Amino acid sequence: MKREHYIPFDKEFILKQQLSAFSEDPKEVEDFKKLFDIIEHYFHYEAFNLIRNLKQNYAAFNPDLSPKERDEFIVKSNFPNFKESLHEVLDRANYSRVAKETLDIALNNSDLIGLNLAIDFTVFEEYELYVQGQHTTKEKVSHYFFWKKEIEVEYYDRVMVYLNYKDSNYFKDKKINAEKLLIDPECIVLKVFKRVPKNDLETVFPNAIPKMSTTDKLLFWIPGIVGVSSLLSTKVIPALLKMNAAYQSGETIDLLNGKNSLDQGLIALGILAAYLFRQYNNFVNKKIKYSKMLSDSLYFKNLGNNSGAFYSLLNSSEEEVLKETLLAYSFLNRSENPLTAEELDNQIESWFLTKLNTDLDFDVKDALSKLKNTGLGFETNGKWDVIPLDKALARIDEIWDGIFDYNQK
């Protein structure tokens, strides 16, 4: 599994872990808490400006608005700016884009629903999936009728879906009823889900349609064709031919034997029909299971839709930036000597591995960039250091006071 930048721990937990390093000095503990608090507010202000920009540039493509409302934002909304801001948020929140190969594997495999899905990707001008965090757990699935087996299932902690639908001309040319898609052409759909199985990733698409797998088709059609052909050729047709020949020749028809042959054939056909019904019913049950999974995803796993998804994304973005900055400052502050970016990166990753049994790829570049931009950290001859806690508090307070400068003379 590829190592991620994502830090799978809550910001308060990370703070508590770092405070333990200052436990011998109560004043440093208090100053570090204050620094954490004011940095959190500063990053929240940054996120507020970002979400305002996102919402304005998204409004013309928001399916939750009426066509008339969207028309009012055509001049104000800018698609390239929207995409750029969205990617910035996803990058800060340590989301990574899902490769096409990963989605193809999900379409051909299923861990939990055991059902193939067909998705019409042609209705999208573009589509993108982004994921954050992965974990593996054990699940019990059906195996050979009533038996169940335990398998390891890989989950994504968060999945963000971006769907940009084609314009109305495409749907007219293809004679597709856009109303059945429950979406207006040229709209952009955004959805954020939690805990999605990696091999069932395709279930997050709104136009995923269940279809019979090759195995389902073989189990349904081959026994049906072979069974019907066998019964017709050995029981039904010979009995009918024999009765017809006797009738033509004037011989006495052995109705009892003919009836027995026909009865046997009908009984066999009934057994075959019951088998085919069971196979089809298995497929129907899988569809019901898929529908339940879909409803559970919409009701229990959905964290946000369209403009509402921004709040979930920005919350993750704020947390990730805060945790990275907090960790970088804490480790540099405790270090007796300045550190290179690589040395700092190794120390933090080693701490996660030994202290929290977590193997991750710490985003040291972003963390140091934040320290530099806020004036808390500085680089000298390739080595990084931070200003002391008391000066760090004064520096952040100065930045915060300068945000709203309305009393200029």
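Here we summarise the structure given alongside this text. Predicted model, so just to flag it, every value in this text is computed and none were measured.

We now examine the overall build of the protein. Scanning the protein from terminus to terminus reveals 12 helices and nine strands. Considering only residue pairs separated by 6 or more positions, the protein has 76% of its internal contacts joining residues 24 or more positions apart. Looking at the protein as shown, the accessible area adds up to about 23,800 Å², and 53% of this sits on carbon and sulfur atoms.

So, about the side chain of Lys191. Positionally, Lys191 belongs in strand 5 (residues 188–197). Within the structure, the side chain of Lys191 is placed 3.1 Å from the side chain of Asn305, a separation counted as a polar contact. Among all residues touching Lys191, those that are not within four sequence positions of it are Val159, Met160, Val161, Asn302, Gly304 and Asn305.

This next bit is on the environment of Glu125. Note on placement: Glu125 falls in strand 3 (residues 124–142). Not counting the four nearest positions on each side in its chain, Glu125 is found in contact with Asn164, Tyr165 and Lys166.

The subject of this paragraph is the packing of helix 9 (residues 309–334) against helix 11 (residues 364–374). Across the interface, helix 9 lies against helix 11 with an axial gap of 8 Å and an inter-helix angle of 80 degrees. Classified by the angle between their axes, helix 9 and helix 11 sit roughly perpendicular to one another. Residues Val321, Glu324, Thr325, Ala328, Tyr329 and Leu332 of helix 9 lie in contact with helix 11, whose contacting residues are Asp366, Ala367, Leu368, Lys370 and Leu371.

Under the definition given, this model contains 15 salt bridges. Two residues, Glu349 and Arg3, come together in a salt bridge whose shortest N-O distance is 3.4 Å. Highlighted residues: Glu349 in helix 10 (residues 341–356) and Arg3 in the segment before helix 1 (11–19), separated in sequence by 346 residues. Using a relative accessible area of 12% as the deciding quantity, one classes Glu349 as buried. In this structure, the salt-bridge partner of Lys83 is Glu126, at a minimum N-O distance of 3.4 Å. Here Glu126 lies in strand 3 and Lys83 lies in helix 4 (residues 79–92), a separation of 43 residues in the sequence. When its relative accessible area of 11% is taken as the criterion, Lys83 is described as buried.

The rules behind these values
Note that residues are indexed from 1 along each chain, following the sequence as it is written. Totals for whole chains, interfaces and linings use every residue, but because this is a predicted model, local features are given only for residues with pLDDT of at least 70 and side-chain atom pairs only at 80 or more, for both listing and counting. Heavy atoms from the whole structure form the basis of all side-chain values; hydrogens and water molecules are not counted. The helix count covers DSSP runs of H or I at least four residues long, the strand count covers runs of E at least two residues long, and both are numbered beginning at the N terminus. Contacts are residue-level and defined by heavy atoms, with any inter-residue pair within 4.5 Å sufficient. The accessible surface values rely on the Shrake-Rupley method and a 1.4 Å probe; as for residues, cover is taken only from the protein chains in view. Counted as a polar contact is a pair of N or O atoms within 3.5 Å, where, for protein atoms, one must be capable of donating a hydrogen and the other of accepting one, and residues adjacent in sequence contribute only when both atoms are in side chains. Only C-alpha atoms enter the line fits that serve as axes; for helices the fit covers just the stretch in contact. Angles between N-to-C directions range over 0 to 180 degrees. Angle categories are assigned with fixed cut-offs, so that under 35 degrees is roughly parallel, over 145 is roughly antiparallel, 65 to 115 is roughly perpendicular, and the rest are oblique. Salt bridges are defined as contacts in which a side-chain nitrogen from Lys or Arg sits within 4 Å of a carboxyl oxygen from Asp or Glu. Only protein chains enter the calculation, and the probe is 1.4 Å; a residue is then buried if its accessible area is under 20% of its type maximum, exposed if over 50%, and partly exposed in between.

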